[in-house]
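Understanding the architecture of this molecule
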Amino acid sequence: MKTVTVDKTTIGEGMPKIIVPMVGQTKEELLMEAELIHTLDCDLVEWRIDFFEHVLDPQAVARLSYNLKAILEKPLLITFRTKKEGGVCVLSDNDYFNLYKVIISEGDLDLLDVELFMPSEKVAKTIELAHQNGIKVIMCNHDFDKTPEKNEIMTRLRSMQNSGADICKIAVMPQNSDDVLTLLEATQEMYNNYAEVPLITMSMGALGMISRVSGQVFGSAATFGAASKASAPGQVPVAELRKMINTLQV
């Protein structure tokens, strides 16, 4: 399996990497959030730009990315999470891809989040443009209602991989403990038999929290931890998450 190196961080080898989301709404909030995250023991930072009040101004997003990167001194992942997959801002497909085009061309970032269930031609062009600019792509899918069957989870991950993603990510919502096991089994089988790139998988909420700390056991290369405010249900505070991962080290 290939690894992905951004700055000095290699995803897909060693311990699972900890990603911390930034969810500030204003420039001032984001700068303060970046100052806090700079002091935390995490590996990468995700800027959830769908929370940003000026997200409809792509140039404003691109400009602010330079300020945030300078403060964070960590690899930066930029994500616009669509409303249908748990985001907070409605955006048309055309505006989504135009936003990403500007960010790729004019911003300062290491990774870009692209959703699986978007128009395939535009996804392909976005991935190609990102790669031309030295930006890695995390392709993802989120199901906040349920946990698909094991084979469906693997089908989605393989589809991401076949689309040219550098990292494949899926997050699902469990209704019971069997659902958590389904996600973990799908991760392990994908990792052992099909994965050519790093995987990030998680079962959300309190019920699925075990999946966020056991990546090194089943094959998930990174996990998300909360700094001040979580961006998804079940995220563990960063300091506690690091301790848990170290305790479960195999």
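Criteria and thresholds
- Counting restarts for each chain: residues are numbered from 1 in the order of the written sequence.
- pLDDT decides what is reported in this predicted model: residues at 70 or higher carry local features, side-chain atom pairs at 80 or more are listed and counted, and totals for whole chains, interfaces and linings draw on all residues regardless.
- Water and hydrogen atoms play no part in the side-chain values, which are based on all heavy atoms of the structure.
- UniProt positions are given in the numbering used here, feature names are shortened, and annotations may be inferred rather than shown by experiment.
- We count a stretch as a helix when DSSP gives it H or I for four or more residues in a row; a strand needs E for two or more, and each element gets its number in order from the N terminus.
- It is over C-alpha atoms that the radius of gyration is taken, and the globule rule equals 2.2 Å times the number of residues to the power 0.38.
- Think of it in three bands: with a 1.4 Å probe and only protein chains considered, a residue is buried below 20% of the maximum accessible area for its type, exposed above 50%, and partly exposed in between.
- Any two residues having at least one pair of non-hydrogen atoms within 4.5 Å are treated as being in contact.
- All accessible areas in this document rest on Shrake-Rupley with a 1.4 Å probe, and a residue is counted as covered only by the protein chains that are shown.
- At least two bridges found by DSSP between two strands are what make those strands a pair.
- All axes are obtained by fitting lines to C-alpha atoms, using only the stretch in contact for helices, and the reported angles, taken between N-to-C directions, cover 0 to 180 degrees.
- Here a Phe, Tyr or Trp ring, Trp counted by its six-membered ring, pairs with any other such ring whose centre lies within 6.5 Å, and the pair is stacked when the planes are under 30 degrees apart, edge-to-face when over 60, and tilted otherwise.
- By definition, being over a ring means that NZ of Lys or CZ of Arg is both within 6 Å of the ring centre and within 35 degrees of the ring normal.
- Any carboxyl oxygen of Asp or Glu within 4 Å of a side-chain nitrogen of Lys or Arg constitutes a salt bridge here.

The name recorded for the protein chain in an unreviewed UniProt entry is 3-dehydroquinate dehydratase, from Enterococcus malodoratus ATCC 43197. According to the UniProt record, the Catalytic activity (unreviewed entry) comment for the protein chain is "3-dehydroquinate = 3-dehydroshikimate + H2O".

**Some thoughts on the overall build of the protein chain**
Helix and strand counts for the protein chain stand at nine helices and eleven strands. Scaling as 2.2 N^0.38, a compact globule of 250 residues should have a C-alpha radius of gyration of about 18 Å, and the protein chain matches this with 17 Å. In terms of overall dimensions, the protein chain has a C-alpha envelope of 45 × 40 × 30 Å along the principal axes. Classification of the 250 residues of the protein chain by burial places 57% in the buried group. Long-range pairs, those at least 24 residues apart, make up 72% of the contacts in the protein chain between residues at least 6 apart in sequence. Accessible surface computed for the protein chain: about 10,800 Å², of which carbon and sulfur atoms make up 48%.

**Notes on the UniProt feature "active site" (unreviewed entry) in the protein chain**
Mapped onto this structure's residue numbering, the UniProt feature "active site" (unreviewed entry) falls at His142 and Lys169. Taken along the chain, the residues just named run across 28 residues; in space they keep tight, none of their C-alpha pairs more than 8.6 Å apart. By the secondary structure assignment, His142 is in strand E7 (residues 136–143). When sequence neighbours within four positions are dropped, the list of residues in contact with His142 reads Arg81, Glu85, Lys169 and Ala171. Mapped onto the elements, Lys169 comes out in strand E8 (residues 167–172). Among the residues examined, Lys169 registers a relative accessible area of 5% and is labelled buried.

**Description of the sheet that holds E7**
The strands making up a sheet associate through hydrogen bonds between their backbones, and the pairing can be parallel or antiparallel. Sheet architecture is open: nine strands sit in the order E9-E8-E7-E6-E5-E4-E3-E10-E11, paired in parallel fashion. Either end of the sheet is taken by a strand with one partner, and the two such strands are strand E9 (199–203) and strand E11 (236–237). As judged from the three bridges shared by strand E3 (residues 17–22) and strand E10 (residues 222–226), these two strands associate in the parallel manner. Within the sheet, the bridge partner assigned to Lys17 lies in E10 and is Ala222. Strands E3, strand E4 (44–48) and strand E5 (76–79) of the sheet are contacted by helix H2 (residues 58–72), whose axis makes an angle of about 155° with E4. Helix-sheet contacts for helix H3 (residues 93–106) involve E5 and strand E6 (111–115), and the interaxial angle to E6 is about 165°.

**Details of the packing of aromatic side chains**
Using the criterion set out here, one finds four aromatic pairs in the structure. Their ring planes at 45° and their centres at 4.7 Å tell us that Tyr96 and Tyr100 sit as a pair that is tilted. In this pair, Tyr96 and Tyr100 both sit in helix H3, four residues apart, roughly one turn of the helix. Here Arg158 stacks its cationic end above the ring of Tyr194, 3.9 Å away from the centre of that ring.

**Observations concerning the pattern of salt bridges**
Within the structure shown, the criterion is met by nine salt bridges. Residue Asp43 pairs with Arg242 through a salt bridge whose shortest N-O separation is 3.2 Å. Placement of Asp43 in the loop between helix H1 (27–38) and E4 and of Arg242 in helix H9 (residues 238–247) is noted, with a sequence separation of 199 residues between them. A relative accessible area of 14% means that Arg242 is categorised as buried. Arg81 is the salt-bridge partner of Asp113, the closest N and O atoms lying 2.9 Å from each other. A residue pair is termed long-range when its members are at least 10 positions apart, and Asp113 in strand E6 and Arg81 in the loop between E5 and H3 qualify at 32 residues. Asp113 sits in the buried class, given a relative accessible area of 1%.

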